[in-house]
Amino acid sequence: MKWNIKYTAYILIVIIGLCLSFWLLRSVQTTEVDVEIDQKINVTPEQIESIKAIGEWEFLSIADEELVDTIRKGIFSDDQLVRIYYGTVRLGINMHQVEPGWIKTSGDSIEVTLPKISLLDRDFIDEARTKSFHESGRWKATDREALYRKAYRKMLKRCMTKQNIHSAKVNGESQFRQLMKSMGYDHITIRWKE
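This section reports on the structure supplied with the text. (Residues numbered from 1 in each chain as written. Predicted model: local features only at pLDDT ≥ 70, side-chain atom pairs only at ≥ 80, totals over all residues. Heavy atoms only, no water.)

Turning to the pattern of salt bridges, a few remarks are in order. What the rule picks out here adds up to six salt bridges. The partner of Glu66 in a salt bridge is Arg158, with the nearest N and O atoms 2.7 Å apart. Linking Glu66 in strand S1 (residues 56-72) with Arg158 in helix H3 (residues 141-159), this pair joins segments that are 92 residues apart in sequence. In this structure Glu66 comes out as buried when scored by relative accessible area, which is 3%. Here the residues in one salt-bridge network are Asp64, Glu66 and Arg158, joined through shared partners. (Salt bridge = Lys/Arg side-chain N within 4 Å of Asp/Glu carboxyl O. Helix = DSSP H or I, 4+ residues; strand = E, 2+ residues; numbered from the N terminus. Buried < 20%, exposed > 50% of the residue type's maximum accessible area, 1.4 Å probe, protein only.)

Encoded structure:
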(Lines give C-alpha, C1' and ligand atoms only; values in the text may rest on other atoms or scores of the structure.)
Protein backbone atom coordinates (compact mmCIF):
# COMPACT_ATOMS: atom_id res chain seq x y z
CA MET A 1 0.00 0.00 0.00
CA LYS A 2 1.39 3.29 -1.04
CA TRP A 3 0.80 6.46 0.76
CA ASN A 4 -0.51 9.08 -1.37
CA ILE A 5 0.84 12.58 -0.83
CA LYS A 6 -2.68 13.76 -1.06
CA TYR A 7 -3.75 11.64 1.98
CA THR A 8 -0.69 12.72 3.92
CA ALA A 9 -1.54 16.38 3.33
CA TYR A 10 -5.11 15.79 4.56
CA ILE A 11 -3.92 14.03 7.70
CA LEU A 12 -1.38 16.76 8.34
CA ILE A 13 -4.03 19.49 7.92
CA VAL A 14 -6.38 17.64 10.32
CA ILE A 15 -3.59 17.26 12.93
CA ILE A 16 -2.60 20.93 12.63
CA GLY A 17 -6.31 21.94 12.87
CA LEU A 18 -6.75 19.85 16.02
CA CYS A 19 -3.62 21.32 17.57
CA LEU A 20 -4.73 24.87 16.76
CA SER A 21 -8.22 24.18 18.18
CA PHE A 22 -6.74 22.73 21.35
CA TRP A 23 -4.37 25.68 21.70
CA LEU A 24 -7.20 28.21 21.13
CA LEU A 25 -9.43 26.52 23.70
CA ARG A 26 -6.70 26.61 26.33
CA SER A 27 -5.69 30.19 25.64
CA VAL A 28 -9.21 31.63 25.70
CA GLN A 29 -10.02 32.78 29.22
CA THR A 30 -13.55 32.61 30.40
CA THR A 31 -15.06 35.98 31.16
CA GLU A 32 -17.36 36.15 34.13
CA VAL A 33 -19.89 38.86 34.62
CA ASP A 34 -21.28 39.46 38.08
CA VAL A 35 -24.62 41.17 38.28
CA GLU A 36 -25.54 42.68 41.61
CA ILE A 37 -29.06 43.78 42.33
CA ASP A 38 -29.34 46.85 44.50
CA GLN A 39 -32.02 45.98 47.03
CA LYS A 40 -31.80 49.45 48.57
CA ILE A 41 -34.78 51.70 48.02
CA ASN A 42 -34.19 55.40 48.24
CA VAL A 43 -36.82 58.01 48.87
CA THR A 44 -35.76 61.04 46.94
CA PRO A 45 -36.15 64.57 48.29
CA GLU A 46 -38.65 65.18 45.50
CA GLN A 47 -40.81 62.28 46.71
CA ILE A 48 -40.68 63.55 50.29
CA GLU A 49 -41.70 67.03 49.15
CA SER A 50 -44.55 65.64 47.04
CA ILE A 51 -45.90 63.77 50.08
CA LYS A 52 -45.62 66.93 52.20
CA ALA A 53 -47.34 68.91 49.44
CA ILE A 54 -50.50 66.90 50.05
CA GLY A 55 -51.17 69.38 52.83
CA GLU A 56 -54.13 68.34 54.89
CA TRP A 57 -54.86 64.62 54.78
CA GLU A 58 -58.31 63.63 56.05
CA PHE A 59 -58.64 60.25 57.77
CA LEU A 60 -62.10 60.53 59.35
CA SER A 61 -65.17 62.62 58.61
CA ILE A 62 -68.02 62.84 61.14
CA ALA A 63 -71.38 64.35 60.22
CA ASP A 64 -73.17 65.75 63.26
CA GLU A 65 -76.25 67.74 64.16
CA GLU A 66 -76.97 69.54 67.39
CA LEU A 67 -80.24 70.84 68.74
CA VAL A 68 -79.41 73.88 70.88
CA ASP A 69 -81.74 76.14 72.79
CA THR A 70 -81.79 79.13 75.06
CA ILE A 71 -84.55 80.57 77.23
CA ARG A 72 -84.97 84.13 78.48
CA LYS A 73 -87.29 84.46 81.47
CA GLY A 74 -89.91 87.18 81.21
CA ILE A 75 -92.57 88.62 83.48
CA PHE A 76 -95.56 87.31 81.53
CA SER A 77 -93.92 84.71 79.30
CA ASP A 78 -90.55 83.20 78.48
CA ASP A 79 -88.77 83.84 75.19
CA GLN A 80 -87.30 80.72 73.59
CA LEU A 81 -84.89 80.16 70.72
CA VAL A 82 -84.24 76.64 69.49
CA ARG A 83 -82.03 75.93 66.47
CA ILE A 84 -80.64 72.85 64.73
CA TYR A 85 -77.03 73.10 63.58
CA TYR A 86 -75.45 70.73 61.05
CA GLY A 87 -71.75 70.23 60.58
CA THR A 88 -69.02 67.89 59.40
CA VAL A 89 -65.97 67.48 61.61
CA ARG A 90 -62.91 66.32 59.69
CA LEU A 91 -59.99 64.68 61.50
CA GLY A 92 -56.57 64.13 59.98
CA ILE A 93 -53.08 65.55 59.74
CA ASN A 94 -51.44 68.54 58.19
CA MET A 95 -48.36 67.35 56.28
CA HIS A 96 -46.83 70.82 56.58
CA GLN A 97 -46.38 70.08 60.30
CA VAL A 98 -44.00 67.14 59.82
CA GLU A 99 -40.67 67.64 61.53
CA PRO A 100 -37.22 67.25 59.95
CA GLY A 101 -36.26 63.58 59.76
CA TRP A 102 -39.91 62.47 59.79
CA ILE A 103 -39.09 59.77 57.25
CA LYS A 104 -36.13 57.38 57.66
CA THR A 105 -35.18 54.55 55.32
CA SER A 106 -32.88 51.56 55.53
CA GLY A 107 -32.95 49.03 52.70
CA ASP A 108 -36.52 47.81 52.32
CA SER A 109 -37.54 49.30 55.69
CA ILE A 110 -39.02 52.71 56.35
CA GLU A 111 -39.97 54.55 59.53
CA VAL A 112 -42.46 57.41 59.32
CA THR A 113 -43.31 59.82 62.16
CA LEU A 114 -46.59 61.66 61.53
CA PRO A 115 -47.98 64.74 63.27
CA LYS A 116 -50.79 64.20 65.75
CA ILE A 117 -54.38 63.85 64.59
CA SER A 118 -56.16 67.20 64.71
CA LEU A 119 -59.22 69.08 63.54
CA LEU A 120 -58.63 70.04 59.90
CA ASP A 121 -61.32 72.69 59.51
CA ARG A 122 -62.34 74.97 62.36
CA ASP A 123 -65.39 76.24 60.44
CA PHE A 124 -67.19 72.92 60.36
CA ILE A 125 -70.76 74.15 61.01
CA ASP A 126 -72.75 74.57 57.81
CA GLU A 127 -74.59 77.85 58.44
CA ALA A 128 -76.67 77.46 55.29
CA ARG A 129 -78.26 74.30 56.71
CA THR A 130 -78.91 75.75 60.17
CA LYS A 131 -82.62 75.75 60.90
CA SER A 132 -84.67 77.62 63.41
CA PHE A 133 -86.74 74.96 65.16
CA HIS A 134 -88.67 77.25 67.47
CA GLU A 135 -88.44 80.97 68.07
CA SER A 136 -90.53 83.16 70.35
CA GLY A 137 -89.71 86.69 71.42
CA ARG A 138 -87.11 89.07 70.07
CA TRP A 139 -83.50 87.88 69.72
CA LYS A 140 -80.42 89.89 68.84
CA ALA A 141 -77.48 88.83 66.66
CA THR A 142 -75.35 88.43 69.80
CA ASP A 143 -77.90 85.92 71.17
CA ARG A 144 -77.73 83.91 67.93
CA GLU A 145 -73.91 84.06 68.04
CA ALA A 146 -73.93 82.70 71.61
CA LEU A 147 -76.18 79.84 70.47
CA TYR A 148 -73.80 79.13 67.56
CA ARG A 149 -70.80 78.96 69.94
CA LYS A 150 -72.75 76.60 72.21
CA ALA A 151 -73.50 74.29 69.24
CA TYR A 152 -69.85 74.50 68.17
CA ARG A 153 -68.60 73.37 71.60
CA LYS A 154 -71.13 70.53 71.74
CA MET A 155 -70.16 69.25 68.28
CA LEU A 156 -66.49 69.45 69.11
CA LYS A 157 -67.01 67.55 72.35
CA ARG A 158 -69.13 64.87 70.63
CA CYS A 159 -66.75 64.37 67.70
CA MET A 160 -63.23 64.85 69.14
CA THR A 161 -63.36 61.69 71.26
CA LYS A 162 -60.55 59.25 71.95
CA GLN A 163 -62.43 56.63 69.95
CA ASN A 164 -62.74 58.89 66.87
CA ILE A 165 -59.09 59.95 67.11
CA HIS A 166 -58.11 56.28 67.33
CA SER A 167 -60.25 55.48 64.24
CA ALA A 168 -58.56 58.34 62.35
CA LYS A 169 -55.13 56.94 63.31
CA VAL A 170 -56.08 53.44 62.12
CA ASN A 171 -57.31 54.86 58.79
CA GLY A 172 -54.19 57.02 58.49
CA GLU A 173 -51.84 54.10 59.14
CA SER A 174 -53.66 52.02 56.53
CA GLN A 175 -53.38 54.76 53.91
CA PHE A 176 -49.70 55.42 54.68
CA ARG A 177 -48.88 51.68 54.56
CA GLN A 178 -50.44 51.45 51.11
CA LEU A 179 -48.47 54.48 49.94
CA MET A 180 -45.16 53.11 51.29
CA LYS A 181 -45.82 49.62 49.87
CA SER A 182 -46.45 51.17 46.45
CA MET A 183 -43.00 52.78 46.77
CA GLY A 184 -41.45 49.32 47.33
CA TYR A 185 -41.04 49.14 51.11
CA ASP A 186 -41.80 45.83 52.85
CA HIS A 187 -41.15 46.78 56.48
CA ILE A 188 -43.09 49.86 57.49
CA THR A 189 -43.15 51.47 60.94
CA ILE A 190 -45.54 54.33 61.59
CA ARG A 191 -45.32 56.50 64.69
CA TRP A 192 -47.53 59.38 65.79
CA LYS A 193 -46.51 62.60 67.54
CA GLU A 194 -48.53 63.19 70.68
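Okay, the pairing of strand S4 (residues 109-114) next. Side chains Ile110, Val112 and Leu114 of S4 all project onto a buried face; the interleaved residues Ser109, Glu111 and Thr113 project onto a face where none is buried. Alignment of strand S3 (residues 103-106) against S4, held across four bridges, turns out to be antiparallel. Considered in S4, the bridge of Thr105 is made with Ile110. In this structure, the hairpin formed by S3 and S4 is closed by a connection of two residues, where Gly107 is found at a positive phi of approximately 65°. (Pairing = 2+ DSSP bridges.)

Mapped onto the elements, Glu173 comes out in helix H4 (residues 162-182). Considered as a pair, Glu173 and Ile190 are 17 residues apart in the sequence and their alpha carbons are 6.8 Å apart. Aside from chain neighbours lying at most four places away, what touches Glu173 is Ile190 and Trp192. (Contact = heavy atoms within 4.5 Å.)

Let's shift gears to the sheet that holds S3. Strand order in the open sheet made by the three strands is S3-S4-S7, with mixed pairing throughout. Every interior strand has two partners, whereas the edge strands, S3 and strand S7 (187-192), have only one. Direction aside, neighbouring strands of the sheet carry axes that sit 10° apart on average. Docked against the sheet, H4 engages S3, S4 and S7, running at close to 145° with respect to S7. (Axes fitted to C-alpha atoms, helices over the stretch in contact; angles between N-to-C directions.)

Among the 16 residues in strand S2 (residues 79-94), 13 count as buried, and that is most of the element. As paired elements, S1 and S2 share 16 bridges and run antiparallel to each other. Each residue of the ladder has a partner; that of Ile62, found in S2, is Val89. What sits between the antiparallel neighbours S1 and S2 is a turn of six residues. In the sheet, S2 pairs with strand S6 (residues 131-136) via five bridges, with the strands oriented antiparallel. Its bridge partner lying in S6, Arg83 is registered against Ser132. Judged from the two bridges that link them, S2 and strand S5 (residues 118-119) form a sheet pairing that is antiparallel.

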